[in-house]
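So you can see what is in the structure, the chains are spelled out below.
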Amino acid sequence: MMQDFGVTLEDIKSARAVIRGHADATPLIPSPFLSQHAGGEFLLKLENMQPIGAFKIRGAMTAIAQLDPSKVKGVACCSTGNHGRGVAYAARERGIKAIICMSSLVPKVKVDGIKALGAEVRIIGTSQDDAWQEAERLCREEGYIDVSPFDDRFVIAGQGTIGLELLAARPDLATILVPVSGGGLAGGIALAAKSLNPDIKVIGISMDRGAAMHASIHAGEPVDVEEVASLADSLGGGIGLDNAYSFALCRDLLDDVLLVTEEEIYKAMQALYYEDRIIAEGACVVGIAAMMSGKLKTIETPAAAIITGRNLDMDMFTRIVNGEDVTLGTTRINGSPYGQ
Ligand SMILES: *Cc1c(COP(=O)(O)O)cnc(C)c1O
């Protein structure tokens, strides 16, 4: 019996019914290159193929489906970009107003994607926490409904549908690699997968600077970390000091949480592009980076990694493909051509 996390396998199954035909059934494809690295079958779950270019549409649709459009003034959220796009998409579908609060660290391509869906965008401060303050104020003072990017039971249930799809397609799966930021994705997938197969390994991976969930698990309680620019911009931000769901899920259900460097992320983005011809954000490749760098020492196969999104800045991506250096804020990453 799974312990009580305030979100259940039944919630995830209900979410699956909500998103069916809109945000489900993304492809699960083999990667011969990564299979060689893993020493066994290695699969990629292509959430970059979602209509908004990222998995966050699953959680956003599930949460917004709970609201009655005739009774709510609108929804508000903070976001590193992809959650905001998911909320904007789901809110537009249901005729609900959306205000998305983001920091100046969010790449322009993500801001533009949200505006194109008709949502109002507010750029506040230099961290996800600054943006969160404004979303929180809109809810407290102006009556908007908050849709947390990760600490909401409907959002977690929505992200968890990826776990159901993985195990339905491959009941023999032994390991799942999941990028971790606020932990809604990893928590939801681990809850779904371990409810169906308690022996499956679910490993979380983050970038090594500003990894709030990793620091919190080690501290034994949610802690704040400093947010810095990263190739994995979608993984920035804290987990909330009064975290209600995702911290306990990640602490109790993840078998490990590993950290990778910017250089390791850079190399993994190149590998995924040159070997599998996939354009993926830095946030998606942290698991692949952990495997390629040897930080993930052994991996039971068949294994799968979630390719969580594709909403990246194409100028930066072109630099990476060409092996050039990349500068993000005060972060500088020394490039090198693929394979060297
Ligand atoms: C949000 C996001 C993640 C991390 O999800 P959490 O639920 O916050 O841990 C990973 N990859 C991408 C592309 C994302 O947008």
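Here we summarise the structure given alongside this text. Model, not experiment: these values are computed from the prediction.

1. Looking at the overall build of the protein
Helix and strand content of the protein: 13 helices and 12 strands. Against the compact-globule benchmark of 20 Å for 340 residues, the protein has a radius of gyration of 18 Å, which places it among compact chains. Dimensions of the protein, computed from C-alpha atoms along their principal axes, come out at roughly 55 × 45 × 40 Å. Evaluated residue by residue, the protein yields a buried proportion of 59% over its 340 residues. Within the protein, contacts between residues separated by at least 24 positions form 75% of all contacts whose residues are at least 6 apart in sequence. Within the structure as shown, the protein displays about 13,200 Å² of accessible surface, and the carbon and sulfur contribution to it stands at 49%. With 31 positive and 43 negative side-chain charges, the protein shows a separation of 5 Å between the mean positions of the two kinds.

2. Describing the pattern of salt bridges
A side chain with one charge may pair with a side chain of the opposite charge, provided their charged atoms come close. Evaluation of the coordinates by the stated rule reveals 25 salt bridges. With a closest N to O distance of 2.8 Å, Lys-295 and Glu-264 form a salt bridge. With Lys-295 in the loop between α12 (286-292) and β10 (303-307) and Glu-264 in helix α11 (residues 262-276), this pair connects stretches of sequence that are 31 residues apart. Linked by salt bridges that have partners in common, Lys-97, Glu-120, Arg-122, Glu-134, Glu-136, Arg-137, Arg-140, Glu-141 and Glu-142 make up one network.

3. Some points on the nonpolar core
Of all hydrophobic cores here, the largest spans 45 residues; its most connected members are Phe-42, Leu-44, Leu-231, Ile-265, Leu-272 and Ile-307. Element by element, the count of residues in this core is highest for α11, at 6 residues. If sequence neighbours within four positions are ignored, Leu-272 has contacts with Leu-34, Leu-44, Arg-277, Ile-278, Ala-280, Val-285, Ile-288 and Ile-307. Formed by 38 residues, the second largest nonpolar core is a distinct cluster that contains Phe-150, Ala-157, Val-180 and Ala-186.

Rules used throughout
- Residues numbered from 1 in each chain as written.
- Predicted model: local features only at pLDDT ≥ 70, side-chain atom pairs only at ≥ 80, totals over all residues.
- Heavy atoms only, no water.
- Helix = DSSP H or I, 4+ residues; strand = E, 2+ residues; numbered from the N terminus.
- Rg over C-alpha atoms; globule rule 2.2 N^0.38 Å.
- Buried < 20%, exposed > 50% of the residue type's maximum accessible area, 1.4 Å probe, protein only.
- Contact = heavy atoms within 4.5 Å.
- Areas by Shrake-Rupley, 256 points an atom, 1.4 Å probe, with all protein chains shown as cover.
- Lys, Arg positive; Asp, Glu negative; His and termini not counted.
- Charge placed at Lys NZ, Arg CZ, Asp CG, Glu CD.
- Salt bridge = Lys/Arg side-chain N within 4 Å of Asp/Glu carboxyl O.
- Core = buried A, V, L, I, M, F, W, Y, C linked by side-chain atoms within 4.5 Å.

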